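Coordinates in review
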Amino acid sequence: MLKPPIVEPADEYPDGVNVEFVQFLPDGELKMRVHERGVGETLSCGTGIVAAALATRHWAGQGAPNQWQVKVPGGTLGVRMFAAEDGEMVGLSGAAELVFDGQVDLEQL
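Residues numbered from 1 in each chain as written. Predicted model: local features only at pLDDT ≥ 70, side-chain atom pairs only at ≥ 80, totals over all residues. Heavy atoms only, no water.

Time to look at the layout of surface pockets. In this structure, the largest pocket occupies an estimated 220 Å³ of space. Around the largest pocket, the lining residues are Leu 43, Ser 44, Val 72, Gly 74, Gly 75, Thr 76, Leu 77, Gly 94, Ala 95, Ala 96, Glu 97 and Val 99. Per element, the largest residue contribution to the lining of the largest pocket is three residues, and it comes from strand 5 (residues 75-84). Of the residues assigned to the lining of the largest pocket, the class counts are six nonpolar, five polar and one charged. (1 Å grid on protein atoms, 1.4 Å probe; cavity = no way out; pocket = protein on both sides within 12 Å on 5 of 7 lines; lining within 4 Å. Points joined across faces, edges and corners; volume = space filled by probe spheres on them. Helix = DSSP H or I, 4+ residues; strand = E, 2+ residues; numbered from the N terminus. Nonpolar A, V, L, I, M, F, W, Y, C, P; charged D, E, K, R; others polar.)

Moving on, we get to the pairing of strand 4 (residues 67-72). With burial as the criterion, only one face of strand 4 is covered, namely that bearing Trp 68, Val 70 and Val 72; the residues Gln 67, Gln 69 and Lys 71 on the opposite face remain uncovered. Pairing of strand 2 (residues 29-36) with strand 4, which is carried by three bridges, proceeds in the parallel orientation. Bridge pairing links Glu 29 to Gln 69 in strand 4. Sheet topology note: the strand 4/strand 5 ladder contains six bridges and is antiparallel. (Buried < 20%, exposed > 50% of the residue type's maximum accessible area, 1.4 Å probe, protein only. Pairing = 2+ DSSP bridges.)

Now for the nonpolar core. With 13 residues, the main nonpolar core has Leu 30, Met 32, Ile 49, Ala 53, Val 70, Val 72 and Val 79 as its most contacted residues. Sorting the residues of this core by element identifies strand 2, helix 1 (46-60), strand 4 and strand 5 as the ones contributing at least two each. Residue contacts for Val 70: discarding those within four places in its chain leaves Leu 30, Met 32, Ile 49, Gly 75, Thr 76, Leu 77 and Val 79. (Core = buried A, V, L, I, M, F, W, Y, C linked by side-chain atoms within 4.5 Å. Contact = heavy atoms within 4.5 Å.)

Keep in mind that these numbers describe shape and distance, not what the molecule does.
In structure tokens, the structure reads:
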């Protein structure tokens, strides 16, 4: 598990922030780990995965792929960018697995 990242100035983010660590791999692949505020390191983060793929494609410049494979501790997800009538759309694909099951007594909250 990652140690919580230190984000400064801390007083600007009193509730913390989500931080993604992204490594570019060859052939349109990324490796990512994410620390979510209030939770710690998580197995995956759909919005973070999409953001990492979009940012990497932007930084890679012209000719960068529109499809990426993003490897996270919870598995590998695919991100695909494609043109649509009202701009660009992004699709996220991958397995969805139940990793926790529990019950909450809402009357006790």
